[in-house]
Each structure stands twice: as structure tokens, then as C-alpha cells.
There are 2 protein chains.
Amino acid sequence: MAGTNRKATPVLGGPAVILVRPQMGQNIGAAARAMLNFGLTELRIVAPRDGWPNPAALAMASGADRIIEEAKLYDSLEAALADRNFAVATSARERELEKRVMAPGAAAGVLRTRYEAGEACALIFGPEAAGLTSDEAALADLLVTIPTNPAFASLNLGQAVLILGYCWFNARPTARAILRDTQPPADKAQLFGLFEHLERELDRMGFLHPPEKKPAMIRNLRSLLTRAGFTEQDIRTLRGVIAALMGAKLKR
Amino acid sequence: MAGTNRKATPVLGGPAVILVRPQMGQNIGAAARAMLNFGLTELRIVAPRDGWPNPAALAMASGADRIIEEAKLYDSLEAALADRNFAVATSARERELEKRVMAPGAAAGVLRTRYEAGEACALIFGPEAAGLTSDEAALADLLVTIPTNPAFASLNLGQAVLILGYCWFNARPTARAILRDTQPPADKAQLFGLFEHLERELDRMGFLHPPEKKPAMIRNLRSLLTRAGFTEQDIRTLRGVIAALMGAKLKR
């Protein structure tokens, strides 16, 4: 088609694209095509509504079949993120989360910097209508919003992946991140281990009360701990701190 | 959908989007939706393969019906461009034309600058498979190419409009163009009048020979004259020059 260039430098691989609870198979196929247009080849799918494999996804992917065939299936976003160090999630809504929101070009620059520094990255898209839950968005390190005409704002899943893919393909590492600490953040499985450890102990100490406020308290804690960008060593230290504090409490 | 923002500032109107010889109605509809997502509301269609109006275009445009309903139909790209001052065309192929080619973000910055300076602008897309002819591309002031994965380069018409629309919506005027001469370029009808005048006289003088080289000679002349960005006054002056030269020749 008019407007593409076969001479551009290929960048294959890239961040894993995670589709959370996608609904229509054809949207998954369109997302796969958009991924391949911009050199993104690793697709992860969390709890697709219509099961997996999905013939409609394969039909729509024409030419990007391998991305669909090699897609990995997960039960939860936590599971899909476990081996990642850094995750960006698309978000249309204003959220009460204390989390940085960037425009696509800038977010892609951060993602590119992290990726080229060797971190395992992910780009997360919510389901077609509702988007990610706040608990899911809290697991991302950075949110990205695509500015659109407010009178006709809605993009479908394939379009959202296309725009983020375009931005990824054309991004350059940002200067700021090139100067950052060379110690990479822990992978998400280690971070989630810290969440569980801390929440279990806080629950035991009666901190997560009253019960109706518990979900929001946990979400805020997880968002805060994600934002910190802890290294593996940080997490070992913090778990030691929690254990020590609990030991002190239990001895009292 | 995840990734859009209803609070962004609206920019309605924008450059006219010109689809040249589009094939499938559903691609025209998808282009209309992508236009409206990014505040582009004026659609011009040149010689659509399946005639006009096209029910498939309206069906696919759901929500952007007005753009389809108010689309204007033209017989040629020249006619669609007549009232424009500045035109950008998408181009996938390398062309032998002596014409600047920019990436979408940079081209959108130039377009935004021209538009905000009050010039009548256009964004031209070729037909799905073949793209614009070289004669058509020669009429644009600037070419734009979307960098994609060379192993899977092809974008459809709706995707190409979406990416250029996104870039348009997020573009800021470029500093360089803000400093340009305040006299705007003539509209394309005036420029095309100069083409015809000059070509007619050159033909009469036997300059456009041999016949098999005539199309390429005309294309190169048109590309050169387009690149110059002549004002209305420039074109009046040049037509006077041509007339004067012809008078001299005839008197000899």
C-alpha cells in the first residue's frame, strides 16, 4: 500500500504484546497483523472470551499466521507478566492510580530504552469495550493514552496496537533513561512475591481493615511498590525487613 | 477502547483527505472512521472503482457517516487539488521524482504549520494495491513514507489514514516553517494553468520531442515547478515571461 517502505531497518522481537480478555477473534487477528507490520512478534493472550485457538483470529491475521500460531495463553495478567521487568499499559480512562501517563511517542521512547538495555518488556492492551480493570492497570509501570478527537474517541483493538506499534518501530531511546542506574528492576514474579508477602503479613496484623476498603488499599500499595522499580536485591532486602518486623511483632 | 482520551483538545477540519481511485468500499469507510478519530472531516474521492455512493463505505463508517455522506467526488487528482495550496502524498515506492520524502511525524509537522498559517492543505492516498502513479505523485509538494517492517510492509488504506491522522492530530508546527515568507503559494489551479501554458508553448516550439520521452519530460517539469512553491504573483510573472518569449520567437 501507499505509504510504507520496504527499505526500513527491521527490528524484530520487541516487547511482548499482551491482550487481556480480548473479545472478537478478528480483533486478535488485526492486532497480530499490526504487530508484524512494526516488527513485534511475541503475542500473549490472557483469558480470551471465545477460547483459544480461535479460527476467526487466524483468518484475519492473513500473512501474520505465525504470530497467532505461536501466541501463548495465560489465565491472568499476573501470569503473563511474571518474566517481564517493565510493562506499559494502554489506558483510555482517567484513573485514580498514582501512576505516570504518557503519550504514545514518549512511552515508546521509554520502552525502547528499556528494551535496548536488555530488560524484558511488555505492552498491555485491555479488552475492547471496558479496558483494563484498575487492579490490572496498577500492575503496569507506565500508562499510555492515545490522544484522539473527543467527539469520536473510540479506537478498536487493532487500531490501538497499530498506533503503538508504529510508535515503537519509530522510537529512539530517550536520553534520560540511558543515564539511569545499570541495575535492572526485578522481574514481575519477584515483585508479585513481595506483594503477597507484605499483604499476608498486613492482613495478619489487622492493617487491611475495614474489609470494604481492603481492595483499594491493596491496589494503592501495589501501585506504589510497582512505581519504585525495585531491583532483585531491593526485594530481597524488603522481604527481610518484613520478616524482621513480623518477628519483632510476634515477640512482643 | 483502551488507549484513547476524551479530554484531548479537538482539532476539527484539518487538511482535506483525498483518496485516489480507492477500490473497496469498506476501505473508504475505515478511512472515514480513522479521519474522524483524529479530527479530519473533509473527504474527497477521485474516481472510486465501484462508483459513488457506495453502501459498503457507509456500512463500515459506522459513527463517521457524515464524512461519507459529505464526501466530494472528482474525476481527477488535478480537479481535487485545484483549490489547495499545499499537498502531501503518501508513497511506498522509491520514485525517480526529485521531491522531498519525509517520515509521517515530520511531514505532519510541516502540514500543521502550513494549515495554521491559513493555507488550504491536502493529504493524498493512492489506491490499495498500486499506489499513486508517478504523474500523480509529481503533483504533491511533499511525499511521506510510513516506515514498516520490510518483511511485512503492507498497510491497508484504513491503517495508512489512521497513522497519518494520528501524526496530524499530535503534530506541532515546525519552527522552520514559522519563519518562512508570509506570501502563501498559489492554489493548485493556478499552478496547473502555468503547466498547461508552458507545455502548450513548448510543444509548439518542438521542445517536447521525441514523443516517447514527452511524458517523462512533462512529469519532471511539473515536479520542478511544484517544488518551487510559487506565489500567485510569481505565476503571473512567469506566464508573462512565457508570453514575452513566445512573442519574441514568433517575430523572429
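Residues numbered from 1 in each chain as written. Chains lettered and ligands numbered in written order. Predicted model: local features only at pLDDT ≥ 70, side-chain atom pairs only at ≥ 80, totals over all residues. Heavy atoms only, no water.

Caption draft 1: Molecular detail of the pairing of strand S7 (residues 121–125) of chain A. Residue and element names in this part refer to chain A. Here S7 lies mainly inside the structure; five of its five residues are buried. What you see with S7 is no split at all: Cys121, Leu123 and Phe125 on one side and Ala122 and Ile124 on the other are buried throughout. Where strand S2 (residues 16–20) and S7 come together, four bridges link them in parallel fashion. Looking across to S7, one finds that Val17 is bridged to Leu123. (Buried < 20%, exposed > 50% of the residue type's maximum accessible area, 1.4 Å probe, protein only. Helix = DSSP H or I, 4+ residues; strand = E, 2+ residues; numbered from the N terminus. Pairing = 2+ DSSP bridges.)

Caption draft 2: Spatial organisation of the pattern of salt bridges. The full count for this structure, using the stated rule, is 32 salt bridges over all chains. Between Glu116 of chain B and Arg112 of chain B there is a salt bridge, with the nearest N and O atoms lying 3.3 Å from each other. You can see Glu116 of chain B and its partner Arg112 of chain B sitting in helix H5 (residues 104–116), four residues apart, about one turn around the helix. Overall, the relative accessible area of 5% leaves Arg112 of chain B in the buried class. Linked by salt bridges that have partners in common, Glu42, Arg44, Lys72, Asp83 and Arg84 of chain A make up one network. (Salt bridge = Lys/Arg side-chain N within 4 Å of Asp/Glu carboxyl O.)

Caption draft 3: Highlighting the packing of aromatic side chains. All names here are of chain B. Taken as a whole, this structure holds eight aromatic pairs over all chains when the rule is applied. Between Phe192 and Phe195, the ring centres sit 5.7 Å apart and the planes meet at 35°, which makes this aromatic pair tilted. Taken together, the residues span about one helical turn, with Phe192 and Phe195 both in helix H9 (residues 188–204) at a distance of three residues. The buried category is assigned to Phe192, whose relative accessible area is 9%. (Phe/Tyr/Trp six-rings, centres within 6.5 Å; stacked < 30°, edge-to-face > 60°.)

Caption draft 4: Spotlight on the state of the cysteines. Per the stated rule, a full pass over the model turns up zero disulfides over all chains. Cysteine Cys121 of chain A remains unbridged, with the sulfur of Cys167 of chain A as its closest cysteine sulfur at 16 Å. (Disulfide = S-S within 2.5 Å.)

Caption draft 5: Expanded view of the sheet that holds strand S4 (residues 72–74) of chain A. Residue and element names in this part refer to chain A. The parallel open sheet is built from seven strands, whose spatial order is S4-S3-S2-S7-S5-S8-S6. With one partner strand each, in any of the chains shown, S4 and strand S6 (101–102) form the two edges of the open sheet. Here three bridges tie strand S3 (residues 43–46) to S4, and the two strands are oriented parallel to one another. Following the sheet pairing, Ile45 is matched in S4 by Leu73.

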